[in-house]
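Overview (structure and organization)
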Amino acid sequence: MEKLKVLSIIPDEGGVGYFRSTLPHFRMNELFAETVDCTMTFNPVLYLNNYDIVHVCKKSIASPEMLFNPSRKYKVVLDIDDWWNDDPNLTRIIRAADLITTTTEYFKNIILKYNSNVSVLPNAAARYIQQFIPSTILSNKLRFGLLLGSSHEEDVKLLSGLANMLYNSELKDKVQLVLCGFDLSGSLITKSTLTGEIVTLPLPKDRAPYPKYEKILTDNYKCVSESYGNFLKNTDIPVTYSGEKYEMYFRRWTKPITEYADMYKWIDVLLVPLKDTVFNRCKSPLKLVEAGYRNIPVIASDVTPYKEDIIPYFEKGGIENLAGNGILVDNNKGAKAWFKAIKRLCHDPYLIHRIADNLYKTVREKYYLDDICKKRLDIYLKLTGRC
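What you are looking at is a predicted structure, and each value in this text was computed from that prediction instead of being measured.

Rules behind the numbers
Residues numbered from 1 in each chain as written. Predicted model: local features only at pLDDT ≥ 70, side-chain atom pairs only at ≥ 80, totals over all residues. Heavy atoms only, no water. Helix = DSSP H or I, 4+ residues; strand = E, 2+ residues; numbered from the N terminus. Rg over C-alpha atoms; globule rule 2.2 N^0.38 Å. Contact = heavy atoms within 4.5 Å. Areas by Shrake-Rupley, 256 points an atom, 1.4 Å probe, with all protein chains shown as cover. Buried < 20%, exposed > 50% of the residue type's maximum accessible area, 1.4 Å probe, protein only. Core = buried A, V, L, I, M, F, W, Y, C linked by side-chain atoms within 4.5 Å. Pairing = 2+ DSSP bridges. Axes fitted to C-alpha atoms, helices over the stretch in contact; angles between N-to-C directions. Salt bridge = Lys/Arg side-chain N within 4 Å of Asp/Glu carboxyl O. Left-handed = near helix turned anticlockwise from the far one by under 90°. Nonpolar A, V, L, I, M, F, W, Y, C, P; charged D, E, K, R; others polar. 1 Å grid on protein atoms, 1.4 Å probe; cavity = no way out; pocket = protein on both sides within 12 Å on 5 of 7 lines; lining within 4 Å. Points joined across faces, edges and corners; volume = space filled by probe spheres on them. Expected span 1.5 Å × (residues − 1). Arc of directions from axis to C-beta.

Brief notes about the overall build of the chain
Across its full length, the chain holds 13 helices and 14 strands. The globule rule puts the C-alpha radius of gyration for 387 residues at 21 Å, and the 22 Å found for the chain is close to it. At a minimum sequence separation of 6, the contacts of the chain that also span at least 24 residues come to 67%. For the chain, the exposed surface amounts to about 18400 Å²; the carbon and sulfur share of it is 51%.

In structure tokens form, the structure reads like this:
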């Protein structure tokens, strides 16, 4: 039997392109070279009928013709990793795809209302990938960090007041808040005042999300020294402050997606605040996957998609569950709940290692890349009638 020929159209050089397209199809070529031949490209090719399957992500399906071409012989696999807000054009495409792949059972049940053929292929990783090998930069302080993208302003607001609580507590000189992934790049789509045309301009610094995150994590720079505050407000390039180890906050600038998880070396405990919204419920628990492989424990909002995988280490009444693999925080209790969780880990640092080990066991069992690649291959073979 001839090899199954798959074309995966990569949507971007960020997380979606890496986890949903490049990483799984590259690994499939390594694992199943006798069965499948995956080609990955940023640009759709003309001869799609040379392939058995065309895999495309929601954000890169700029040419719906690939679906509605009456002469197509290939199957279209459409990957959807977040809520599309019932956009009518996307809904039409979703209904027409031969197969939808997505990240969670929760999101699958929503998509089933539009297409009856939906499979869950979670985001996955493995420790044979360099950036997911545990490593750390040693520190005499316990570092509670965030590693997040540019669309989380409302989520970070859940931590409003936390910096002030830490700064005015006995933990002031024992902990640091860390913002990883800091970035001032980006673009702004607007209408030209001269021509009336839609143009793309560099994003002004005052519109960038990361300084807004930083203001929350420093209580508007009140929880850092004046000189360091001025440095943070006026530094637009990736340089570090010589005295940051004495401060209660520091930042680390973003890295390419193939090195992104390396920033976990600056974090001892990951904070994952997330508002309970329709959009957020349709997300994947990717931060758990990344942190689990890096052996970093997680304190997360008690919402989907995190509550499905996190076994709370602290149960009601403060009882410890030794099988717990994380700490869940009730968003309704505000910053005090995050402060309480941080304080518990500061008072018993051994818990950090126990929770981290338990989380790794969870992600290794559920989100191991090779297992997910085998599942993906089986789904592709079934879709094309080869098994």
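Don't stop here, the text continues.
Structural notes on helix α7 (residues 209-217)
Within α7, seven of the nine residues are buried, which leaves it mostly tucked inside the rest of the structure. Among all positions in α7, only Pro209, Tyr210, Pro211, Tyr213, Glu214, Ile216 and Leu217 are buried. Tucked into the core, α7 has its buried residues touching β7 (142-147), α5 (153-156), α6 (162-167), β8 (175-182), α8 (226-234) and β11 (249-253). Two residues or fewer past α7, aspartate 219 is found with a positive phi of approximately 55°.

Regarding the nonpolar core
Residues Phe144, Leu162 and Ile299 are the most contacted members of the largest nonpolar core, which totals 102 residues. In this structure, phenylalanine 144 is in contact with Val175, Gln176, Leu177, Val178, Val269, Leu271, Ile299, Ile342, Leu345 and Cys346, ignoring residues within four places of it in sequence.

Focus on the sheet that holds strand β12 (residues 269-272)
In space, the six strands of this open sheet follow the order β11-β8-β7-β12-β13-β14, with parallel pairing throughout. Each edge of the sheet is formed by a strand with only one pairing partner; in this case those strands are β11 and β14 (327-329). Ignoring which end each strand starts from, the neighbouring axes of this sheet average 25° apart. Bridge count for β8 against β11 is five bridges, and the pairing is parallel. Pairing of valine 178 across the sheet is with phenylalanine 250, part of β11. Running over the sheet, α7 touches β7, β8 and β11 and is turned about 175° from β8.

Remarks on the pattern of salt bridges
If you walk through the whole model with that rule in mind, you get 18 salt bridges. Glutamate 153 is the salt-bridge partner of lysine 212, the closest N and O atoms lying 3.8 Å from each other. One end of the pair, lysine 212, is in helix α7; the other, glutamate 153, is in helix α5, with 59 residues separating them in the sequence. Judged by relative accessible area, which is 32%, lysine 212 ranks as partly exposed. Through salt bridges that share partners, Arg27, Glu30 and Asp370 make up one connected network.

Some words on the packing of helix α10 (residues 286-293) against helix α12 (residues 350-366)
Running from N to C, α10 and α12 point in directions that differ by 115°, and their axes come no closer than 8 Å. Here α10 and α12 pass one another in a crossing that is left-handed. Here Leu288, Val289, Ala291, Gly292 and Tyr293 of α10 come into contact with α12, specifically with Leu359, Tyr360, Val363 and Arg364. In terms of residue class, the contact of α10 with α12 is made up of seven nonpolar, one polar and one charged.

With respect to empty space enclosed by the protein
Counted by the stated rule, this structure contains two cavities of 30 Å³ or more. The space that makes up the largest cavity amounts to roughly 50 Å³. Taken together, Phe19, Arg20, Pro24, Pro122, Asn123, Ala124, Leu369, Ile372, Cys373 and Arg376 make up the full set of residues lining the largest cavity. Those elements that place two or more of their residues in the lining of the largest cavity are α1 (15-31) and α13 (369-383). Tallying contributions element by element places α13 first for the lining of the largest cavity, with four residues.

Considerations on α12
With 17 residues, α12 extends 25 Å between its outermost C-alpha atoms, agreeing within 8% with the 24 Å of an ideal straight helix rising 1.5 Å per residue. Within the span of α12, buried status applies to Leu351, Ile352, Ile355, Ala356, Asn358, Leu359, Thr362 and Val363. End-on, the buried residues of α12 take up no more than an arc of 165°, which puts them together on one face. For α12, the exposed residues set more than 90 degrees away from the buried face come down to Tyr350, His353, Lys361 and Glu365. Contact partners of the buried residues in α12: β7, β12, α10, β13 (298-301), β14 and α11 (335-347).

What about unusual backbone geometry?
Across the junction of threonine 304 and proline 305, the peptide omega takes the value 20°, indicating a cis bond. With respect to the secondary-structure elements, proline 305 resides in the loop between β13 and β14. One non-glycine residue with positive phi stands out, namely tyrosine 221, at about 70°. Its location among the elements puts tyrosine 221 in the loop between α7 and α8.

Remarks on the sheet that holds strand β5 (residues 99-102)
Strand order in the open sheet formed by six strands is β2-β1-β3-β4-β5-β6, with parallel pairing between adjacent strands. Every other strand in the sheet has two partners, leaving β2 (36-41) and β6 (118-120) as the edge strands with one partner each. The average undirected angle you get between the axes of adjacent strands in this sheet is 25°. Pairing of strand β4 (residues 75-79) with β5 involves three bridges; the strand directions are parallel. Residue pairing across strands places aspartate 79 opposite threonine 101, the latter belonging to β5. Sheet strands touched by α1: β1 (4-9), β2, β3 (53-57), β4 and β5. Its angle to β2, the strand with the most contacts, is close to 150°. Each of β1, β2, β3, β4, β5 and β6 touches α13; the most contacted strand, β3, lies at about 125° to it.

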